[in-house]
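# Descriptive structure summary
Here is what each chain is made of, one letter per residue.
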Amino acid sequence: QVQLVESGGGLVQPGGSLRLSCAASGSIFSINAMGWYRQAPGKQRELVAAIISGGSTNYADSVKGRFTISRDNAKNTVYLQMNSLKPEDTAVYYCNADIATMGAWGDYWGQGTQVTVSS
């Protein structure tokens, strides 16, 4: 069984910073892409940033230059450093990963962590 556990969300003022972490655990053979999605009230879930095992990254246009995704392959952990936060960044942030167990590749999600940007 594989679990993704997120941490680091909270309340921050506009212009502030937060760092999200997501650790994968369980019977993991290999991890390919890891990423962060977010879902604001009344909106669809959207990709924020993704990083593949080789280190290449992809960002939503709305967060380019403000957010940085990184990963520690030894710890099966992905991070999202969020700077210059805006009220429109308020959402539940979900971790996602493509993980191979002994059987096959699967798409896994974390439980979500709330990020609120407000004065």
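First, a word on scope: everything that follows refers to the structure included in this document. (Residues numbered from 1 in each chain as written. Predicted model: local features only at pLDDT ≥ 70, side-chain atom pairs only at ≥ 80, totals over all residues. Heavy atoms only, no water.)

## Let's talk about the overall build of the chain
- Helix and strand counts for the chain come out as zero helices and eleven strands.
- Along the chain, helices and strands appear, N-terminal first, in the series β-β-β-β-β-β-β-β-β-β-β.
- The C-alpha radius of gyration computed for the chain amounts to 14 Å, which stays within 12% of the reference 14 Å derived for 119 residues, consistent with globular compactness.
- Dimensions of the chain along its principal axes, counting C-alpha atoms only, are 45 × 25 × 25 Å.
- Taken across its 119 residues, the chain has 38% of its residues classed as buried. (Helix = DSSP H or I, 4+ residues; strand = E, 2+ residues; numbered from the N terminus. Rg over C-alpha atoms; globule rule 2.2 N^0.38 Å. Buried < 20%, exposed > 50% of the residue type's maximum accessible area, 1.4 Å probe, protein only.)

## Some thoughts on the nonpolar core
- One finds Trp36, Leu80, Met82 and Tyr93 to be the most contacted residues of the largest nonpolar core, which totals 29 residues.
- Of all the secondary-structure elements, those providing two or more residues to this core are strand 1 (2-7), strand 3 (18-26), strand 4 (30-39), strand 5 (46-51), strand 7 (67-72), strand 8 (77-82), strand 9 (91-100) and strand 11 (113-117).
- For this core, the element with the highest residue contribution is strand 9, accounting for five residues.
- When near neighbours in sequence (up to four residues on either side) are disregarded, Tyr93 contacts Glu6, Leu20, Trp36, Tyr37, Arg38, Val48, Phe67, Leu80, Met82, Gly112, Thr113 and Val115. (Core = buried A, V, L, I, M, F, W, Y, C linked by side-chain atoms within 4.5 Å. Contact = heavy atoms within 4.5 Å.)

## Description of the sheet that holds strand 1
- Pairing within the open sheet is antiparallel, and its four strands lie in the order 1-3-8-7. Pairing within the sheet leaves two strands with one partner each, and these edge strands are strand 1 and strand 7. For this sheet the average axis-to-axis angle between neighbouring strands, irrespective of direction, equals 15°.
- Where strand 1 and strand 3 come together, six bridges link them in antiparallel fashion. Looking at strand 3, one finds that Val5 is bridged to Ala23. (Pairing = 2+ DSSP bridges. Axes fitted to C-alpha atoms, helices over the stretch in contact; angles between N-to-C directions.)

## Section: the state of the cysteines
- For the structure shown, the criterion picks out one disulfide.
- Here Cys22 engages in a disulfide with Cys95; their sulfurs sit 2.1 Å apart. Negative torsions about the S-S bond denote left-handed disulfides, and the value of about -80° found for Cys22 with Cys95 makes this one left-handed. Placement of Cys22 in strand 3 and of Cys95 in strand 9 is noted, with a sequence separation of 73 residues between them.
- Given the relative accessible area of 0%, Cys22 is considered buried. (Disulfide = S-S within 2.5 Å.)

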